[in-house]
Amino acid sequence: MNFTFNHFNFNVLDLGRSLAFYEKALGLKEAHRKERENFTLVYLTDGVTSFELELTYLFDRKEPYDLGEVEFHLAMQVKDFEAAHKLHAEMGCICYENSDMGIYFIEDPDGYWIEIVPER
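What you see is a predicted model; the values in this text were computed from it and never measured.

Check the secondary structure of the chain and you find 2 helices and 8 strands. Listing each helix as α and each strand as β along the chain from the N terminus yields β-α-β-β-β-β-α-β-β-β. Relative to the globule expectation of 14 Å for 120 residues, the C-alpha radius of gyration of the chain, 15 Å, shows essentially globular dimensions. Relative to all contacts within the chain whose residues are 6 or more apart in sequence, the contacts with residues 24 or more apart total 50%. A total of about 7800 Å² of accessible surface is found on the chain, and carbon and sulfur atoms cover 51% of it. Side-chain charges of the chain comprise 11 positive and 23 negative groups, with the mean position of each set lying 6 Å from the other.

Strands sit in the order 1-4-3-2 across an open sheet of 4 strands; the sheet is mixed. The open sheet terminates on both sides in strands that have one partner only, identified here as strand 1 (7-12) and strand 2 (29-35). The sheet shows a mean angle of 25 degrees between the axes of neighbouring strands, taken without regard to direction. Direction of pairing for strand 3 (residues 39-45) relative to strand 4 (residues 52-58): antiparallel, over a ladder of 7 bridges. Bridging from a neighbouring strand, Tyr43 pairs with Glu54 of strand 4. Helix 1 (residues 15-26) rests against strand 1, strand 2, strand 3 and strand 4 of the sheet, and its axis sits at about 160 degrees to strand 4.

Within the fold, Ala31 resides in strand 2. What makes Ala31 partly exposed here is its relative accessible area of 39%. Those residues in contact with Ala31, other than ones at most four positions away along the chain, are Tyr43, Leu44, Thr45 and Glu52.

At a closest axis distance of 9 Å, the pairing of helix 1 and helix 2 (residues 81-91) adopts a crossing angle of 145 degrees. Contacts between helix 1 and helix 2 pair Phe21, Lys24, Ala25 and Leu26 from the former with Leu87, His88 and Met91 from the latter. Partitioned by chemical class, the residues of the contact of helix 1 with helix 2 number 5 nonpolar, 1 polar and 1 charged.

It is worth spelling out the environment of Glu63 at this point. Turning to its location among the elements, Glu63 is positioned in the loop between strand 4 and strand 5 (74-78). Given the relative accessible area of 45%, Glu63 is considered partly exposed.

Thresholds, definitions, all that
Residues numbered from 1 in each chain as written. Predicted model: local features only at pLDDT ≥ 70, side-chain atom pairs only at ≥ 80, totals over all residues. Heavy atoms only, no water. Helix = DSSP H or I, 4+ residues; strand = E, 2+ residues; numbered from the N terminus. Rg over C-alpha atoms; globule rule 2.2 N^0.38 Å. Contact = heavy atoms within 4.5 Å. Areas by Shrake-Rupley, 256 points an atom, 1.4 Å probe, with all protein chains shown as cover. Lys, Arg positive; Asp, Glu negative; His and termini not counted. Charge placed at Lys NZ, Arg CZ, Asp CG, Glu CD. Pairing = 2+ DSSP bridges. Axes fitted to C-alpha atoms, helices over the stretch in contact; angles between N-to-C directions. Buried < 20%, exposed > 50% of the residue type's maximum accessible area, 1.4 Å probe, protein only. Nonpolar A, V, L, I, M, F, W, Y, C, P; charged D, E, K, R; others polar.

In structure tokens, the structure reads:
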């Protein structure tokens, strides 16, 4: 058996706000969605790989999700690291930088961390 990555999920409180953030911050676009009675699933793509980020919007959820100690994260790589850093600094979403490792993290509207690494 061979397992391959398919998608990763983040639960979000405001689907529109999250879609806008992911498009502006990371260039992710909606690939497809599933509408159900109590929730919507939106799958985002980078347009290059087959991996998707699934955003789950539960209609009756009003309080922020407990993300624990935020010890998990999604990682994205980018060719123009300096331009990406400038954009994220302007957006005010950089939450942690590790210049020794040459990486930084941004935080989405729901508190999820995304690691930004330069393409190597």
